[in-house]
Amino acid sequence: MNAHHSQGVREIKRVTWIGLVINIALAALKLTAGILGRSQVVVADAVHSLSDCSTDIVILVGVRFWSQPPDEKHPHGHRRIETLITMAIGVVLGAVAVGLAYHAIVTLQERDEHVPGWIAFVAAIISIVVKESLYRWTVAIGRRIRSSAVVANAWHHRSDAFSSFPAALAVAAAALYPPWWFVDHIGAVVVSLFILQAAWRIVHPTLGELADVGASPDDRRRIEELAMATEGVRLVHALRTRFVGPGLHVDLHIKVDPQMTVWEGHEISEQVKRRLLDDGPDVLDVVVHLEPYRGPE
């Protein structure tokens, strides 16, 4: 494991541990405030924060496996584990959303004579500020180290901030105008829709990764341009790409002067590989096939 990779793993653990502690504290705060303030929507929001804790734990366990280097049984590495964990986060998030919406709907006729207290409103506001800040920090780290699981977890944080916003509005509306007691239930459903949307944004890309989807047309053009810009490359063809975890594995053929030596051809292929790894669009590995150039095709 190289130094850059080791640093990335350490950053994943650090940001996830801090997120776990914050999620536990917020869940406890909102659960207490929701119970004392008699607000179903804030209690639902607290459950959402607890689901964030579960995904934090999954990442802390999973990073030990997906960060392992390639071996004989896994020549392409273990990054598919990160894809599976990312999908698991999205599925858990979606299940939480469906459960919260179902509970809010089936209890809609059960009128609560107690007006939600302002303590629930304050807890929701605190959650919005803290979780949006946590999202921005986590997503920046996830994008920098190219970790789909960390980015997904960041969206889990943001969905908590999103869900706290309608929660705060629902509590305020019910507290200011008691005949609108049902707004608390409606707010819980709105919260669920926000969570469900976040779940889909997480799961959708992983479906493509598991189906071996390739790079986008723009990224394919970028890869071809980088390869063609390498001195000695006369033609690039048979380009194939696929996602392994959050990054691309690239397989391409380059044609060079047939009169050059094997050593010279090898050096050109190594330059192409280094160029794609350094400047390519999330490229993790490159296989370059060398062929003689016999004129334009």
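Residues numbered from 1 in each chain as written. Predicted model: local features only at pLDDT ≥ 70, side-chain atom pairs only at ≥ 80, totals over all residues. Heavy atoms only, no water.

## Quick look at the overall build of the chain
Stated formally: Secondary structure counts use DSSP, requiring at least four H or I residues in a row for a helix and at least two E residues in a row for a strand, with both numbered from the N terminus. To sort residues, take the accessible area from a 1.4 Å probe on protein chains only and compare it with the maximum for the residue type: under 20% means buried, over 50% means exposed, and anything in between is partly exposed.
Assigned secondary structure in the chain consists of eight helices and three strands. Of the regular secondary structure in the chain, the N- to C-terminal order runs α-α-α-α-α-α-α-β-β-α-β. The C-alpha extent of the chain, read off along each of the three principal axes, is 90 × 35 × 30 Å. Per-residue burial over the chain gives 48% buried out of 297 residues.

## Observations regarding the sheet that holds strand β1 (residues 235-244)
Note the cut-off: Any two strands with at least two DSSP-identified bridges between them are counted as paired. Geometry is summarised by axes, namely lines fitted to C-alpha atoms with helices restricted to the contacting stretch, and by angles between N-to-C directions that run from 0 to 180 degrees.
Reading across the sheet, the three strands line up as β1-β2-β3 and stay open at both edges, with mixed pairing between neighbours. Looking at strand neighbours, the two that pair on one side only are β1 and β3 (283-292), the edges of this open sheet. Going from strand to strand, the sheet's axes swing by 15° on average, the running direction of each strand aside. Pairing geometry for strand β2 (residues 247-256) and β3, over nine bridges, is parallel.

## Notes on the packing of aromatic side chains
By convention here, two paired aromatic rings are described through the distance between centres and the angle between planes. Note the following rule: Each Phe, Tyr or Trp ring (for Trp, its six-membered ring) is paired with any other whose centre lies within 6.5 Å, and the angle between the two planes then decides the class: stacked below 30 degrees, edge-to-face above 60, tilted in between. When the NZ atom of lysine or the CZ atom of arginine is within 6 Å of a ring's centre and also within 35 degrees of its normal, the charge is said to sit over that ring.
By the definition in use, this model includes one aromatic pair. In this structure, R158 is placed above the aromatic ring of W155, and the distance from its NZ or CZ to the ring centre is 5.6 Å. Lying across the ring of W155, R201 places its NZ or CZ 4.0 Å from the centre.

## Notes on the confidence of the model for the chain
Worth spelling out the cut-off: Per-residue confidence from the prediction method is given by pLDDT, with values spanning 0 to 100.
Predicted confidence across the chain gives a mean pLDDT of 81, with 90% of residues reaching 70 or more. Within the chain, helix α8 (residues 262-279) carries the highest mean pLDDT (91), whereas helix α2 (residues 40-66) carries the lowest (76).

## Here we look at the pattern of salt bridges
For side chains bearing opposite charge, pairing can occur when the charged atoms are close. Here is the rule we go by: Salt bridges are counted wherever a side-chain nitrogen of Lys or Arg sits within 4 Å of a carboxyl oxygen of Asp or Glu.
Summed over the entire model, instances satisfying the criterion amount to five salt bridges. Among the salt bridges present, the one from D251 reaches R240, with a minimum N-O distance of 3.6 Å. Taken as a pair, D251 in strand β2 and R240 in strand β1 lie far apart in primary sequence, 11 residues in all. Of the residues examined, D251 reaches a relative accessible area of 16% and is grouped as buried.

## Quick look at helix α4 (residues 118-144)
Selection criterion: The span you would expect from a helix comes to 1.5 Å times its residue count less one.
A rise of 1.5 Å per residue sets the reference length of α4, with its 27 residues, at 39 Å; its end C-alpha atoms lie 40 Å apart and thus fit the reference within 8%. Looking one or two residues past α4, R146 carries a phi angle of roughly 60°, positive in sign.

## Examining the side chain of R158
Under the convention used in this document: By the criterion applied in these results, polar contacts are pairs of N or O atoms within 3.5 Å in which, for protein atoms, one can donate a hydrogen and the other can accept it, and in which residues neighboring in sequence qualify only through two side-chain atoms.
Inspection of the secondary structure puts R158 in helix α5 (residues 148-176). Within the structure, the side chain of R158 is placed 2.5 Å from the side chain of E132, a separation counted as a polar contact.

## Thoughts on the environment of R294
Position of R294 relative to the elements: it lies in the segment after β3. Judged by its relative accessible area of 73%, R294 falls in the exposed class. Once the C-alpha coordinates of R294 and L134 are considered, the two residues, 160 residues apart in sequence, prove to be 56 Å apart.

## Overview of unusual backbone geometry
The backbone phi angle of A238 is positive, close to 50°, even though this residue is not glycine. Since its relative accessible area comes to 38%, A238 is described here as partly exposed.

## Details of the packing of helix α3 (residues 80-106) against α5
Applicable threshold: Between 65 and 115 degrees an angle is taken as roughly perpendicular, under 35 as roughly parallel, over 145 as roughly antiparallel, and anywhere else as oblique. Crossing handedness is read from the near helix: turned anticlockwise from the far helix by less than a right angle, it gives a left-handed crossing, and turned clockwise, a right-handed one. Should any heavy atoms of two residues lie within 4.5 Å, those residues are counted as being in contact. Nonpolar residues are Ala, Val, Leu, Ile, Met, Phe, Trp, Tyr, Cys and Pro. Charged residues are Asp, Glu, Lys and Arg, and all others, Gly as well, are polar.
Viewed as axis vectors pointing N to C, α3 and α5 meet at an angle of 15°, and their least axial separation amounts to 8 Å. By the angle between their axes, α3 is roughly parallel relative to α5. You can see that α3 and α5 cross each other, and the crossing is left-handed. Contacts between α3 and α5 pair E82, T86, I89 and L93 from the former with S148, A149, A152, H156 and S159 from the latter. Looking at the contact of α3 with α5 residue by residue, the class counts come to four nonpolar, four polar and one charged.

## Brief notes about a nonpolar patch on the surface
How we decide: Patches here are clusters of residues that have more than 30% relative accessible area and form no salt bridge, with a 9 Å joining cutoff for like charges and a 5 Å cutoff for nonpolar side chains (Val, Leu, Ile, Met, Phe, Trp, Tyr). For the accessible areas, the method is Shrake-Rupley and the probe is 1.4 Å, while residue cover comes only from the protein chains on display.
Taken together, L29, V122 and I126 make up a surface patch of nonpolar side chains, about 220 Å² in accessible area. Of note, L29 is situated in helix α1 (residues 3-36). Judged by relative accessible area, L29 falls into the partly exposed class, the value being 34%.

## A look at the packing of helix α7 (residues 217-228) against α8
With their axes 9 Å apart at the nearest point, α7 and α8 run at an angle of 140° to one another. For the element pair α7 / α8, the angle class is oblique. The hand of the α7/α8 crossing is right-handed. Each of R222, I223, L226 and A227 in α7 lies in contact with α8, whose residues at this interface are V272, R275, L276 and D279. Along the lines of polarity and charge, the residues of the contact of α7 with α8 split into five nonpolar, no polar and three charged.

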